[in-house]
Amino acid sequence: MEPETQIDEESRIETLVQIMTGNFLDDEIRDALNDYHENDIAEAIQQLDEEGRKKIYKILGPDKVSEIFTYIDDVAEYLQEITPEEAADVLESMDADEAVEALEDIESDEEREQLISLMEPEAKQDIRLINSYEDDEIGSQMTTNFIIISQDFSVKEAMRSLCAQAEENDNINTIYVYDDDESYCGAIELKDLIRARETKPLEDIIQKNYPSINAKDKISDVIEQLKDYAEDSIPVLNEYKEVIGVITSEQLIETVDDELGDDYAKLAGLSAEEDLNEKLSDSMKKRLPWLVLLLFLGMGVSSVVGIFEGLVSKVAIIVCFQSLILGMAGNVGTQSLAVTVRVLMDENIKGSQKFKFILKEIRIGFFNGLLLGIVAFSFVGLYTHYIKIRPWGEAFKVSACVGSALLMAMTISSFVGSVVPMIFHKIKVDPAVASGPLITTVNDLVAVVTYYGLATLFLIKFAGL
């Protein structure tokens, strides 16, 4: 069976399924599958029935199956198709961080602990190490797949140690170095080690100031630092400055993606992202606390509207444009919030820079409000005259009120959207989770007071409508 080249993904998966289900010898199937990427094999395996998958598991062996399983989302479902002993062998062959993710998919604590107990001591230790860190700590995202050598080694000894460790750890582009106290003291690029002469001291090619992070560091605090370094991996240290793991570029991408997803969820007032398999009760628990708070804040907004009941009874037409003011104020506030949360990720930003940022947001809100206010003034005036059949004078008095309220509401909302997250950040409360729903409601309050307050002044006291 010759591998096909230059074919689209669908055809490739179809070919793989034919190979897996065809009447071929085990060795022929194994050799044929070796010509395909594990991601494609994973796609094909998921199209087989359970008996077909069990056959492929047996043919490929635990090492190859572990590589394939890293490309499957819900690994637990497939681990249950084999015996606990076989499943433990597969998990052992995975990188520790991938094994941890696979074990998290298993709902039963008993099954999870059984699989861990069946693993080799080293694999078991790595999994328990990663699990010892909280989900928001960088240690929970690291892998124990790395190479480390002593600074006392010669170049020849370093190469020998690299080759020995590479049998178990394939993350070899950067080699980490420890000193006499087994503390991290730098790193060596693989290409530098290969180029070095055997007689050259290892110390000459060690990068002493190669960056590192602490396992207990919060992911949200170090994410920008990690992005700044375009390295294949960054070492993770424990409290004794020993290398216990690394964050690879692949993990960094996943971590950034998870962090952005989590921040997006927080902007909606959720404590974390929800997934398709989450229980109804768990989803409700994430959403309910903020909704209860916002219910009472919303009642406050409604009460403020009630204060202007007399105004509404006299000039009922202004109610038509309330949603316009509230909607635009909310949009502007959300924009300012999103930009502010992004700015606050830089822990080195100074107070003077924050002040300038707030002024900039206010100016943006003002000038956007001015332009949109002019547009609203024109269109609301025409709408009120032609559609609502009001005299030109009354129509443009109403539109002047709407345009002015839009200008003020957008300016104030820009201020609120930038200041509130800064206040929460100052008191060590996550600005994303605390600000999103709150700013929406606060901006509603600002818009209502601004709109009806101006309407009272313009239309009742000055215009005498």
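Residues numbered from 1 in each chain as written. Predicted model: local features only at pLDDT ≥ 70, side-chain atom pairs only at ≥ 80, totals over all residues. Heavy atoms only, no water.

K.L.:
I'm lost on the overall build of the protein chain in this one. Help?
P.N.:
Within the protein chain one finds 19 helices and 6 strands. Residues counted as buried form 43% of the 465 residues belonging to the protein chain. Look at the contacts in the protein chain between residues 6 or more apart in sequence, and 64% of them connect residues 24 or more apart. Of the roughly 25,500 Å² of accessible surface on the protein chain, 53% is carried by carbon and sulfur atoms. (Helix = DSSP H or I, 4+ residues; strand = E, 2+ residues; numbered from the N terminus. Buried < 20%, exposed > 50% of the residue type's maximum accessible area, 1.4 Å probe, protein only. Contact = heavy atoms within 4.5 Å. Areas by Shrake-Rupley, 256 points an atom, 1.4 Å probe, with all protein chains shown as cover.)

K.L.:
Just checking my understanding: could you explain the sheet that holds strand 5 (residues 233-237) for this structure?
P.N.:
In any sheet, the strands associate via hydrogen bonds between backbone groups, in a parallel or an antiparallel arrangement. Across the sheet, which stays open at both edges, the 3 strands sit in the order 4-5-6 with mixed pairing between neighbours. Taken across any chain shown, the strands that pair with only one partner, and hence form the sheet edges, are strand 4 (213-214) and strand 6 (243-248). Across 2 bridges, the pairing between strand 4 and strand 5 is parallel. By the bridge assignment, Asn214 is partnered in strand 5 with Leu237. (Pairing = 2+ DSSP bridges.)

K.L.:
Sorry if this is basic, but what is going on with the side chain of Thr144 here?
P.N.:
Topologically, Thr144 is positioned in the loop between helix 9 (121-131) and strand 1 (147-150). A distance of 3.2 Å separates polar atoms of two side chains, one belonging to Thr144 and the other to Asp126. Other than its neighbours up to four places away in sequence, Thr144 contacts Ala96, Asp126, Leu129, Asn169, Ile244 and Gly245. (Polar contact = N/O pair within 3.5 Å; in protein donor to acceptor, adjacent residues only side chain to side chain.)

K.L.:
Help me out: how do you make sense of empty space enclosed by the protein in this one?
P.N.:
The probe, sized like a water molecule, is rolled over the atoms to show the empty space still left. Inspection of the entire model under this criterion finds 1 cavity of 30 Å³ or more. Roughly 50 Å³ of volume is contained in the largest cavity. Lining of the largest cavity is provided by Leu226, Tyr229, Glu231, Asp232, Ser233, Ile234, Ile247, Thr248, Ser249 and Leu252. Of all elements in the fold, only strand 5, strand 6 and helix 13 (249-267) reach the threshold of two or more residues within the lining of the largest cavity. A class-by-class count of the residues in the lining of the largest cavity yields 5 nonpolar, 3 polar and 2 charged. (1 Å grid on protein atoms, 1.4 Å probe; cavity = no way out; pocket = protein on both sides within 12 Å on 5 of 7 lines; lining within 4 Å. Points joined across faces, edges and corners; volume = space filled by probe spheres on them. Nonpolar A, V, L, I, M, F, W, Y, C, P; charged D, E, K, R; others polar.)

K.L.:
Whenever I open this one, a nonpolar patch on the surface confuses me. Can you help?
P.N.:
On the surface, a nonpolar cluster with roughly 480 Å² of combined accessible area is contributed by Leu288, Val292, Leu295, Phe296 and Met299. With respect to the secondary-structure elements, Val292 resides in helix 14 (residues 280-307). Looking at Val292, the relative accessible area reads 38%, which means it is partly exposed. (Patch = residues over 30% accessible without salt bridge, like charges linked within 9 Å, V, L, I, M, F, W, Y side chains within 5 Å. Salt bridge = Lys/Arg side-chain N within 4 Å of Asp/Glu carboxyl O.)

K.L.:
Would you explain unusual backbone geometry in this entry?
P.N.:
Both trends apply: most residues other than glycine have a negative phi, and most peptide bonds are in trans. Here Glu182, not a glycine, exhibits a phi torsion of approximately 65°, which is positive. Counting through the fold element by element, Glu182 comes out in the loop between strand 2 (174-178) and strand 3 (184-189). Phi at Lys241 is positive, roughly 65°, even though this residue is not glycine. Secondary-structure assignment places Lys241 in the loop between strand 5 and strand 6.

K.L.:
Would you take a moment to explain the nonpolar core for this structure?
P.N.:
Soluble, globular proteins show a tendency: their nonpolar side chains are buried together. One finds Leu33, Ile56, Phe69 and Leu91 to be the most contacted residues of the largest nonpolar core, which totals 58 residues. Here this core gets 7 residues from one element, more than from any other, and that element is helix 4 (residues 50-69). Judged by nonpolar contacts, the second largest core, of 28 residues, contains Ala376, Val398, Leu406 and Ala447. (Core = buried A, V, L, I, M, F, W, Y, C linked by side-chain atoms within 4.5 Å.)

K.L.:
What's the story with the environment of Phe357 in this structure? I'm lost.
P.N.:
Following the sequence through the fold, Phe357 ends up in helix 17 (residues 351-386). Residue classification places Phe357 among the buried positions, given a relative accessible area of 11%. The sequence separation of Phe357 and Val419 amounts to 62 residues, and the corresponding C-alpha distance is 9.8 Å.

K.L.:
Sorry if this is basic, but what is going on with the sheet that holds strand 2 here?
P.N.:
Read from one edge of the open sheet, 3 strands run 1-2-3, paired in mixed fashion. Looking at which strands have only one partner, the edges of the open sheet turn out to be strand 1 and strand 3. Between one strand axis and the next, the sheet turns through 35° on average, direction left out of account. Two elements, strand 2 and strand 3, share 5 bridges in a ladder whose sense is antiparallel. Counted as the bridge partner of Val177 is Gly186 from strand 3. Helix 10 (residues 155-165) contacts strand 1 and strand 2 of the sheet and is inclined by roughly 150° relative to strand 1. (Axes fitted to C-alpha atoms, helices over the stretch in contact; angles between N-to-C directions.)

Note that all results are geometric; they support no functional claim without further evidence.
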